[in-house]
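Residue strings, one per chain:
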Amino acid sequence: MLTNHDDPIVSIATAPGRGAVGIVRVSGRDLAAFVMTLLGRPLAPRQATYLPFKSDAGEVIDQGLAIYFPAPHSYTGEDVLELQAHGGPVVLNMLVNACLAQRSLPNLRLAEPGEFTQRAFLNDKMDLTQAEAVSDLIDASTSQAVRSAARSLSGAFSDTIADLRAQLVNLRMLVESTLDFPEEEIDFLQKADAVGQLTRLRAQLQTVMRQTQQGVLLREGIKVVIAGQPNAGKSSLLNALAGAELAIVTPIAGTTRDVITQTIQINGVPVHILDTAGLRDSDDTVEQMGITRAWAEIARADAVVYVYDRTQMHSADVQAKDQALRARLPAHVPVVAVWNKADVVPDDAAVSDQATATSEDATVLTLSAKTGEGLDALRAQLLQWAGWEQSTEGLFIARQRHLTALAGVEAHLELADGWLNQGGDHLDLLAEELRLAQVALGEITGEFNADDLLGEIFSRFCIGK
């Protein structure tokens, strides 16, 4: 992603568009001379100074605040200059051009996405989990996600990983000592309870993995597809869950032609709900395209809410079609069977028919998208299947790559446990598995990371961050 980490960089650091205030940020080594030529005067460190901002030709562009942060006491660990001006896009672009035109900083270039935060990581101002938390805090879609991202940014996740690492390093030290001094009469591993240490380490790792899974849910949420035959009430259910009229609802079959997506939150967890075209055979080309897209989204879903129409439960033809469609749903995707329109058909009208039609479903709920009856039970079921735990005290935000790395640690520790229990003839293999476990753990905080991974992570950041 980035070719030269030594180049000074500049970028607009505020969101695109018009605003009351906009910020242009410059980061690099030894910016004192640049500050002098750009602003015509030196700046006191970390103090806001009100002054005019001029172009390279000496024309006043705007008046605002300039703040100079000398290294290492800055966001990036380098010298940083921030220009706070009025938030018009033309004004800010003119300020960027004025910076690029300064001959005192000839290598100054526009920053790549995430480059300011990447420099903070490279200059040891934060580790990789904290750097990722910056982006997660900006992108957070729920208040719970904001709080959890803030905890990760403050180092809560990093501290948890550091504790695992300390235990792992201590265990490695014991094993390496035994390998280095095989003639010693004292059995280092037995005396230090290496078996007990490894057991406790693996147990703590399981706890961290559960916490990380919760953090991944907070960041990424769950994808739920509403499916079923036309006119079962799928769009009405989307509107009811979202609390807004997002989808057009009519008695005409096939009204929904394309996928409609809305993100809501349930107990702080983002839930991405997709309303899809009614599943049926159709001669309409546009509707066929919508149905094809519906099946594609179902295959990628974390859960499917299959909607049955209670007013049609006595129709053998409708029930047969429902059973045929249910049989086509992917086996790996959990399904919640929902009998909609409970406000029209009372509960005692067709208990046996309902049970027969949904006998293949582990969970069957009755609700009314019109009145809201049963919606809370549906929300709770979706969270349960996602693996969400109600207690979120001390939760930190996390990513899927963190779970993958922890799974690697778990696999190496499992192999290490096997070699440890086989005795002293396999200490070299035990030592290697512990080393590999530490490498996998280091991938989380950035202790061991390939450059291409860093490029992938920071390329997803916004420009100016």
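In what follows, the structure referred to is the one given above.
Next up on the list: the packing of helix 14 (residues 400–421) against helix 15 (residues 427–445). For the pair helix 14 and helix 15, the least separation of the axes is 8 Å and the interaxial angle reads 170°. The orientation of helix 14 relative to helix 15 falls into the category roughly antiparallel. The interaxial crossing formed by helix 14 with helix 15 has left-handed handedness. Together, R401, H402, A405, L406, G408, V409, H412, L413, L415, A416, W419 and L420 of helix 14 and L429, L430, E433, L434, L436, A437, A440, L441, E443 and I444 of helix 15 make up the contact between the two elements. Looking at side-chain class alone, the contact of helix 14 with helix 15 contains 16 nonpolar, three polar and three charged residues.

Here the focus is the packing of aromatic side chains. For any pair of aromatic rings, the description rests on two quantities: the centre-to-centre distance and the angle between the ring planes. Applying the stated criterion across every chain, the model contains three aromatic pairs. For the pair F157 and F396, a centre-to-centre distance of 4.4 Å together with 10° between the ring planes defines the contact as stacked. Taken together, the residues F157 in helix 6 (residues 156–180) and F396 in the loop between helix 13 (375–386) and helix 14 connect sequence positions 239 residues apart. For the pair formed by F157 and F396, the shared burial category is buried. Of the aromatic side chains, those joined through ring pairs into one cluster are Y306, Y308 and W339. Here the guanidinium or amino end of R25 rests over the ring plane of Y75, the centre of that ring lying 5.4 Å away. Between R328 and the ring centre of W295, over which it is positioned, the NZ or CZ distance is 4.1 Å.

So, about the sheet that holds strand 4 (residues 60–69). Read from one edge to the other, the open sheet built from six strands follows the order 3-4-5-2-1-6, with strand pairing classed as mixed. The sheet terminates laterally at strand 3 (49–54) and strand 6 (109–110), the two strands that pair on one side only. The pairing of strand 1 (residues 9–12) with strand 6 spans two bridges and is classified as parallel. Across the sheet, the residue bridging to V10 is L110, located in strand 6. Sitting on the sheet, helix 2 (residues 89–100) is in contact with strand 1, strand 2 (19–28), strand 3, strand 4, strand 5 (79–87) and strand 6, with an inclination near 150° to strand 5.

So, on to the pairing of strand 11 (residues 335–340). Counted residue by residue, strand 11 has six buried out of six residues, so it is predominantly covered. Of the two faces of strand 11, the one carrying V335, A337 and W339 and the one carrying V336, V338 and N340 are both buried. Judged from the six bridges that link them, strand 10 (residues 303–309) and strand 11 form a sheet pairing that is parallel. Counterpart to V304 in the pairing with strand 11 is V335. Read as a crossover between parallel neighbours, the route from strand 10 over helix 11 (residues 316–328) to strand 11 is right-handed. Here strand 11 runs beside strand 12 (residues 363–366); their pairing, made up of four bridges, is parallel. Opposite A337, over in strand 12, you have V364 as the bridge partner.

Let us look at the pairing of strand 1. Side-chain positions along a regular strand alternate between the two faces of the sheet. Note that strand 1 and strand 2 share four bridges and pair antiparallel. Along strand 2, the bridge assignment pairs S11 with R25.

It is possible for side chains of opposite charge to pair when their charged atoms get near one another. Applying the stated criterion across every chain yields a total of 19 salt bridges. Put simply, R219 and D136 hold a salt bridge, and the shortest N to O gap is 2.6 Å. Linking R219 in helix 8 (residues 194–220) with D136 in helix 4 (residues 128–139), this pair joins segments that are 83 residues apart in sequence. For D136, a relative accessible area of 6% corresponds to the buried category. Residue D417 is joined to R202 by a salt bridge in which the shortest nitrogen-to-oxygen separation is 3.3 Å. Taken as a pair, D417 in helix 14 and R202 in helix 8 lie far apart in primary sequence, 215 residues in all.

Calculation notes
Residues numbered from 1 in each chain as written. Predicted model: local features only at pLDDT ≥ 70, side-chain atom pairs only at ≥ 80, totals over all residues. Heavy atoms only, no water. Axes fitted to C-alpha atoms, helices over the stretch in contact; angles between N-to-C directions. Helix = DSSP H or I, 4+ residues; strand = E, 2+ residues; numbered from the N terminus. Parallel < 35°, antiparallel > 145°, perpendicular 65-115°, else oblique. Left-handed = near helix turned anticlockwise from the far one by under 90°. Contact = heavy atoms within 4.5 Å. Nonpolar A, V, L, I, M, F, W, Y, C, P; charged D, E, K, R; others polar. Phe/Tyr/Trp six-rings, centres within 6.5 Å; stacked < 30°, edge-to-face > 60°. Buried < 20%, exposed > 50% of the residue type's maximum accessible area, 1.4 Å probe, protein only. Lys NZ or Arg CZ within 6 Å of the ring centre and 35° of its normal. Pairing = 2+ DSSP bridges. Right-handed = clockwise from strand over helix to strand, strands pointing away. Salt bridge = Lys/Arg side-chain N within 4 Å of Asp/Glu carboxyl O.

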